[in-house]
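A structural walkthrough
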Amino acid sequence: MAGFWCVVPAAGRGMRVGGDRPKQYLPLAGRPLIEHTLERLAAHSRVAGLLVVLAADDPLWPGHVQLRGKPVRTVAGGAERSDSVLAGLDALPAEVAAGDFVLVHDAARPCVRHADIDRLLDLAGAADGGLLGAPLRDTLKRADARGRSVATEPREARWRAFTPQMFRRGPLAAALREAARRGLAPSDEAMAMELAGHAPLLVEGAEDNLKVTTAADFALAEFLLAKTAGGAHG
Ligand SMILES: Nc1ccn([C@@H]2O[C@H](COP(=O)(O)OP(=O)(O)OP(=O)(O)O)[C@@H](O)[C@H]2O)c(=O)n1
Ligand SMILES: C[C@](O)(CO)[C@H](O)COP(=O)(O)O
């Protein structure tokens, strides 16, 4: 299989932004946020196609289209992000074998750098799966219910998890199905794989791989989009 398919979870409601529509459809630099992410992914030479996972009632995105010559397919997601990712995996074309690596990248992360995607593909591909992330660089506090710091948590060996994350289609789908069977909703694909006994490789990526989560993130994302324009900047 030439290139890697990418599942793009985009079925969230963006509640923490509080907009009049899900955040992935809100304007960023004059275009819906999701378009920047899909463009960024489709522009990567090693991405073969995109499987965009939408909320079942989302009329806001066309069905089967092409983007930069890459196939873009859509499927309905689920209540949890992990349900959406599993729906995306199950909807991948038959050409994607169970042993093939697939990427999973949040629609809410439009600024991902192509150089980081390359590093993930190369390093995690040799390690049977992994994820982009960055070591914690700030002191970590535990807060009580009144917002007071009651403890300083260990920072050593703590990383922030980003996306893309990259795993083989079959094992990832099996891990997500098993987690769901146990009533669990892993916050990311790496957690599902950890629960299944794997130890995904952490691949350090740029800290500007911002996940747009609150309204304030849109201004920062616009700045970072320009800074990493074209996605090619390492
Ligand atoms: N059931 C869900 C929940 C989230 N996502 C996607 O997972 C990504 C990361 O999730 P998050 O940033 O938490 O987005 P939302 O769930 O939309 O945000 P909120 O928790 O504020 O509602 C987003 O692209 C979101 O669309 C999804 O596909 N299916
Ligand atoms: C998958 C993820 O982007 C890793 O940091 C993150 O967990 C998704 O955001 P959510 O708020 O946890 O859904």
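Residues numbered from 1 in each chain as written. Chains lettered and ligands numbered in written order. Predicted model: local features only at pLDDT ≥ 70, side-chain atom pairs only at ≥ 80, totals over all residues. Heavy atoms only, no water.

The name recorded for the protein in an unreviewed UniProt entry is 2-C-methyl-D-erythritol 4-phosphate cytidylyltransferase, from Fulvimonas soli. Among the UniProt annotations of the protein, the heading Pathway (unreviewed entry) holds the following wording: "Isoprenoid biosynthesis; isopentenyl diphosphate biosynthesis via DXP pathway; isopentenyl diphosphate from 1-deoxy-D-xylulose 5-phosphate: step 2/6." (UniProt positions renumbered as here; feature names shortened; annotations may be inferred.)

Focus: helix 3 (residues 114–126)
Taking 1.5 Å of rise per residue, the 13 residues of helix 3 would be expected to cover 18 Å, and the 18 Å separating its terminal C-alpha atoms lies within 8% of that figure. Taken together, the buried positions of helix 3 are occupied by His114, Asp116, Ile117, Leu120, Leu121 and Ala124. All buried residues of helix 3 fall inside an arc of 155° around its axis, so they share one side. Note on helix 3: the residue one or two positions beyond its end, Asp128, has a positive phi of about 65°. (Helix = DSSP H or I, 4+ residues; strand = E, 2+ residues; numbered from the N terminus. Expected span 1.5 Å × (residues − 1). Buried < 20%, exposed > 50% of the residue type's maximum accessible area, 1.4 Å probe, protein only. Arc of directions from axis to C-beta.)

Focus on the site of ligand 2
Around ligand 2, the neighbouring residues are Arg16, Arg81, Asp106, Arg109, Ala161, Thr163, Ser187, Asp188 and Lys211. Within the backbone of Ser187, one N or O atom sits 3.4 Å away from an oxygen atom of ligand 2. Contact with the protein chains covers 72% of the free accessible surface of ligand 2, which is 350 Å². When its residues are assigned to classes, the shell around ligand 2 shows one nonpolar, two polar and six charged. (Near = heavy atom within 4 Å. Polar contact = N/O pair within 3.5 Å; in protein donor to acceptor, adjacent residues only side chain to side chain. Areas by Shrake-Rupley, 256 points an atom, 1.4 Å probe, with all protein chains shown as cover. Nonpolar A, V, L, I, M, F, W, Y, C, P; charged D, E, K, R; others polar.)

Points about the site of ligand 1
Residues in close proximity to ligand 1 total 19 residues, the closest being Gly14, Met15, Arg16, Lys23 and Ser84. In the model, an oxygen atom of ligand 1 is placed 3.1 Å from a nitrogen or oxygen of the Arg13 main chain. A distance of 3.0 Å separates a nitrogen atom of ligand 1 from a polar atom in the backbone of Ala79. Across the complex, the protein chains shield 86% of the 560 Å² of accessible surface that ligand 1 would expose by itself. For the shell around ligand 1, the elements supplying multiple residues, two or more each, are strand 1 (4–10) and helix 2 (81–91). Considering only residue class, the shell around ligand 1 consists of seven nonpolar, five polar and seven charged.

Considering the UniProt feature "site: Transition state stabilizer" (unreviewed entry) in the protein
Those residues carrying the UniProt feature "site: Transition state stabilizer" (unreviewed entry) are Arg16 and Lys23 in this numbering. Once residues within four sequence positions are removed from consideration, Arg16 is found in contact with Lys211, Thr213, Thr214 and Ala215. On the secondary structure map, Lys23 appears in the loop between strand 1 and strand 2 (27–28). Owing to a relative accessible area of 11%, Lys23 belongs among the buried residues under this scheme. Excluding residues that lie within four positions of it along the chain, Lys23 makes contacts with Arg13, Gly14, Val17, Leu33, Ala108, Val212, Thr213 and Phe218. (Contact = heavy atoms within 4.5 Å.)

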